[in-house]
Amino acid sequence: VAEGEPGEAREPFELPRFWDALGQTFQVTSQEATKLSLAFSRPPLPSAEDCQKLSEDVQNAILAVATVYYWLPKGQGTTLRKMVRDATTEVVEGMIQLTDTILNAPVESLSQEQLRSTGSVWEACEQVSNLPRGEYNQAAVVSALAACLGVVKDAVEEMEHALVEGQDPYGDIMEDEELGFRGNRDTYWSEADRQLLSSCMGLMKASKACLKKVLAAVKAHGKADSPEQIAQLDDLADIANEISPSVDELALSMYPPVNPLAVRLNASLMKFLHFCRTSHVCPPSEEGWVQFLTGAVDHNMNKVKNFTQGQL
């Protein structure tokens, strides 16, 4: 499941039928996990015949989950397939963990580890209800963009909070028992640092605004009627997945001592804007904000370059 690739369906693919089947197989797997755990929750142990039946039922449930996952053809979009694959893998791995726990646990009583493992399988099976079930790949990409936006929002808020708190972002760190006082050489922003921080915050806020706008554009104009449209949505999700770690890296590099090289690693934002402009989710009515944000990113990037030029 983790490494395999579904093939193209031999018969017309029906998304509602797929979701129904996937939900049913996840539900059956959850039930089999409960049966397995209860059978080994107290002595006496199940008979050899009962063990054989339990293991066959668990195996059949897991094979059914994997089989339904493989129904989902490549043409439905890589973003959707990745989300379904991750959910399927979590269920399979959860059942493996539960089985290992039972095999290694004492028979006398139900262990906390066995309870946790059983609960993990239940939670993994319940995740099927949270998977985006809208129009093919469009709903999955909306979900992926929303997740990236959440990460970027958190990074921006954290950085704004650190700036408001004053000169010492590490003020809550106590004196080290072995090293003594931590000193202040690398824990305070200089005036030059603060000039650079303003432009860095501008880039982070531009990233947040960009993701927010593209998310709205995909909701309003995103389609999955053709392979080209599906591929464009996948590309947007892939590039967005580059932005959130880039923003995180940018935020980390802004803590003293400021790393002038790391703060310039934000090229994925310009790539995102360019691709959005050329995709079907950006009709003429959306071009205004794309142009505005492109200018904002250029402006802040140029200021960062000017501030750091002497340190390269």
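Look above for the structure.
Treat the numbers as computed from the prediction; the structure is a model and nothing was measured. (Residues numbered from 1 in each chain as written. Predicted model: local features only at pLDDT ≥ 70, side-chain atom pairs only at ≥ 80, totals over all residues. Heavy atoms only, no water.)

Draft legend 1. Expanded view of unusual backbone geometry. Residue Pro44 follows Pro43 across a cis peptide bond; omega there is 0°. Relative to the helices and strands, Pro44 resides in the loop between α1 (15-39) and α2 (48-69). (Helix = DSSP H or I, 4+ residues; strand = E, 2+ residues; numbered from the N terminus.)

Draft legend 2. Spatial organisation of the pattern of salt bridges. Under the defined criterion, the tally for this structure stands at five salt bridges. Among the salt bridges present, the one from Lys35 reaches Asp57, with a minimum N-O distance of 3.6 Å. Of this pair, Lys35 sits in helix α1 while Asp57 sits in helix α2, and the two are 22 residues apart along the sequence. Looking at Asp57, the relative accessible area reads 17%, which means it is buried. Linking Glu160 and Lys205 is a salt bridge whose minimum nitrogen-to-oxygen distance equals 3.6 Å. Here Glu160, found in helix α5 (residues 137-164), pairs with Lys205, found in helix α6 (residues 191-221); they are 45 residues apart in sequence, far enough to count as distant. By relative accessible area, Lys205 is classed as partly exposed at 43%. Each of Glu32, Lys35, Lys53 and Asp57 takes part in salt bridges that share partners, so that together they form one network. (Salt bridge = Lys/Arg side-chain N within 4 Å of Asp/Glu carboxyl O. Buried < 20%, exposed > 50% of the residue type's maximum accessible area, 1.4 Å probe, protein only.)

Draft legend 3. The environment of Trp19, seen in detail. Considering the arrangement of structural elements, one finds Trp19 in helix α1. Residues Trp19 and Arg133, spaced 114 residues apart in sequence, show a C-alpha to C-alpha distance of 7.8 Å. Apart from the residues lying within four places of it in its own chain, the contact partners of Trp19 are Leu80, Val84, Leu131, Pro132 and Arg133. (Contact = heavy atoms within 4.5 Å.)

Draft legend 4. Local environment of the packing of helix α3 (residues 78-104) against helix α4 (residues 112-126). As a packed pair, α3 and α4 sit with axes 9 Å apart at the nearest point and diverge in direction by 165°. Classed by the angle they form, the pair α3 and α4 counts as roughly antiparallel. The way α3 lies across α4 gives a crossing that is left-handed. Residues Glu90, Val91, Gly94, Met95, Gln97, Leu98, Thr101 and Ile102 of α3 form the contact with α4, whose participating residues are Glu113, Gln114, Ser117, Thr118, Val121, Ala124 and Cys125. Considered class by class, the residues forming the contact of α3 with α4 number seven nonpolar, six polar and two charged. (Axes fitted to C-alpha atoms, helices over the stretch in contact; angles between N-to-C directions. Parallel < 35°, antiparallel > 145°, perpendicular 65-115°, else oblique. Left-handed = near helix turned anticlockwise from the far one by under 90°. Nonpolar A, V, L, I, M, F, W, Y, C, P; charged D, E, K, R; others polar.)

Draft legend 5. Region of the structure containing the environment of Ala105. Of note, Ala105 is situated in the loop between α3 and α4. A relative accessible area of 18% places Ala105 in the buried class. Here the alpha-carbon distance between Ala105 and Ser41, two residues 64 residues apart in the chain, equals 9.9 Å.

Geometric descriptors of this kind do not, in isolation, establish any biological role.
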